[in-house]
Amino acid sequence: MSTHRDLLRVTERGPALRTMGSRERRSHLSAPRVPTVGIDIGGTKVMAGVVDADGAILEKIRAETPDKSKSPKVVEDTIVELVLDLSDRHDVHAVGIGAAGWVDADRSRVLFAPHLAWRNEPLRDALQARLAVPVMVDNDANTAAWAEWRFGAGRGEDHLVMITLGTGIGGAILEDGRVKRGKYGVAGEFGHMQVVPGGHRCPCGNRGCWEQYSSGNALVREARELAAADSPVAYEIIERVKGHVPDITGPLITELAREGDAMCVELLQDIGQWLGVGRANHAAARDPSCFVIGGGVSAADDLLIGPARDAFRRNLTGRGYRPEARVAKAELGPEAGMVGAADLARLVARRFRRANRRRLERYERYERYAQAFRAGAVRTTRTPEDPGA
């Protein structure tokens, strides 16, 4: 019976993830140089790409997140369709998922996703049952930070903090080449650190969260409030959107700031100052060697980074008597999460191939034993009159 179970296990995929985090730094150097697929799941789109061992994107496709995305099955179907499409043209060995949400420590379940209806969703097992390759699931900020450490602005850094400024604030921590996910897998939710007690209400339910003061949402909220109040400082942006306040967006504010609009410049300065305060808090708590700033809002470049640098120096504990962490803008852009997910999946592919090789070796040993046993059994049943006896 045990031999039969071994035969069945040849096609099974074990989780192979529980201890992987402790081996990432060493493992990525010996991972197989095979193409893998990275998936970046957001509230509006699902992006998939085939990535090689050097972080180069061989092909990239995307699909809009369907309106029915409140159903986890719809998003799962979209992921499977994209992977199968890429598999028609590439030899894919593993799939990595970067999900905007909380992922458990085993990297198998999405505990909570703010923009999708995933609540304790067994995403890894659901996808692995439908795809012919192993699957890894992680938080999208973790995968982006891994990509920047491996291939981008964080190369060579042993203590890295990545801050992603988008609709909200996400982030990740890498120390000694390992993603620090925390005991329960949900570390790095920087945006929900409280910086203003009793401040703006956050969608998370609390007040005064950092992302209410330094994010794309904060930037747009301030601009729309001034425009809705018909403030004279908002004249230019009101003209640009022809009085339709909901058309005010982060990219438009950045564009006007680059053109010299005083209100938009000031709004980005405010966002940057809060970014600097938050970074100073991180420096006090973690003392990183490098901050990598990513996300859509980081496209404002020095309109944002300059004020953030000044505020960081003003608020840094022990300023003047300690080294300052390097600040770098993320290099991989919106593909960082996808590239990092694919690269982390390559580690799973290595472990999966080893496990399959061991299973195959056991199976081959059993077959040799079984053949020898059958041959021996036949010889023992022959009579002396048999020609071959």
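Up top you'll find the structure we're talking about.
No experiment lies behind these values; they were computed from the predicted model shown. Counting of residues starts from 1 at the beginning of each chain's written sequence and follows it residue by residue. Given that this is a predicted model, residues contribute local features only at a pLDDT of at least 70 and side-chain atom pairs are listed and counted only at 80 or more, while totals for whole chains, interfaces and linings are drawn from all residues. Side-chain numbers here rest on the full set of heavy atoms in the structure, without hydrogens or water.

J.: Would you mind going over the environment of His93 in detail, with residue names and values included?
T.: Helix and strand definitions here come from DSSP, where helices need a minimum of 4 consecutive H or I residues and strands a minimum of 2 consecutive E residues; each element is numbered from the N-terminal end. Within the secondary structure layout, His93 lies in the loop between helix H3 (72–87) and strand S4 (95–99). Residues His93 and Pro35 lie 58 residues apart in sequence; the distance between their C-alpha atoms is 6.3 Å. Only 3.1 Å separates the side chain of His93 from the side chain of Asp91, close enough to count as a polar contact. Side-chain atoms alone can form a polar contact between residues adjacent in sequence; in general such a contact is a pair of N or O atoms within 3.5 Å, and within protein one must be able to donate a hydrogen while the other accepts it.

J.: Explain the sheet that holds S4 residue by residue, including any values.
T.: Pairing is mixed in the open sheet, where five strands are placed in the order S3-S2-S1-S4-S8. At either margin of the open sheet sits one strand with a lone partner, and together these are strand S3 (57–64) and strand S8 (135–139). Averaged over all pairs of adjacent strands, the angle between their axes in this sheet comes to 15 degrees, without regard to strand direction. In this structure, strand S2 (residues 45–51) lies alongside S3, joined through seven bridges in antiparallel fashion. The rule for pairing is simple: two strands pair if DSSP sees at least two bridges between them. The axes are straight lines fitted to the C-alpha atoms, using for helices just the contacting stretch, and the angles between their N-to-C directions are given from 0 to 180°.

J.: Give a detailed account of the nonpolar core, specifying residues and quantitative values.
T.: Across soluble globular proteins, nonpolar side chains have a tendency to be buried as a group. Counting 39 residues, the largest nonpolar core has Ile163, Leu165, Ile237, Ile253, Leu275 and Leu304 as the members making the most contacts within it. Contributing elements (two or more residues each) for this core: strand S9 (159–165), strand S10 (169–175), helix H6 (216–228), helix H7 (235–240), helix H8 (250–258), helix H9 (262–286), strand S12 (290–294) and helix H10 (302–315). Per element, the largest residue contribution to this core is eight residues, and it comes from H9. Setting aside chain neighbours within four positions, we find Leu275 in contact with Ile163, Leu165, Trp210, Ser214, Ile293, Leu304 and Ala308. Take the buried residues of types Ala, Val, Leu, Ile, Met, Phe, Trp, Tyr and Cys, join any two whose side-chain atoms come within 4.5 Å, and each joined set is a nonpolar core. Buried residues are those whose accessible area, probed at 1.4 Å on protein chains only, stays under 20% of the maximum for their type, while exposed residues exceed 50% and partly exposed ones sit between those limits. Should any heavy atoms of two residues lie within 4.5 Å, those residues are counted as being in contact.

J.: Quick one: what's the story with the packing of H8 against H9, residue by residue and with numbers?
T.: Running from N to C, H8 and H9 cross one another at 115 degrees; their axes reach a closest spacing of 7 Å. Note that H8 runs across H9; the crossing there is left-handed. Between H8 and H9, the contacting residues are Ile253, Thr254, Leu256 and Ala257 on the first element and Cys264, Val265 and Leu268 on the second. A class-by-class count of the residues in the contact of H8 with H9 yields six nonpolar, one polar and no charged. Should the near helix be turned anticlockwise from the far one by less than a right angle, the crossing is left-handed, and should it be turned clockwise, the crossing is right-handed. When residue character is reported, Ala, Val, Leu, Ile, Met, Phe, Trp, Tyr, Cys and Pro are called nonpolar, Asp, Glu, Lys and Arg charged, and the others, Gly included, polar.

J.: Explain the sheet that holds strand S13 (residues 326–329) to me, and be specific about the residues and the numbers.
T.: Sheets are built from strands that pair by backbone hydrogen bonding, the pairs being arranged parallel or antiparallel. Read from one edge of the open sheet, five strands run S11-S10-S9-S12-S13, paired in mixed fashion. The open sheet has two edge strands with one neighbour each: strand S11 (178–179) and S13. In this sheet, S13 lies alongside S12 in parallel orientation, the contact comprising four bridges. Within S13, the residue paired with Cys290 across the bridge is Arg326. Against the sheet, helix H5 (residues 140–151) touches S9, S10, S11 and S12, its axis set at about 50 degrees to S10.

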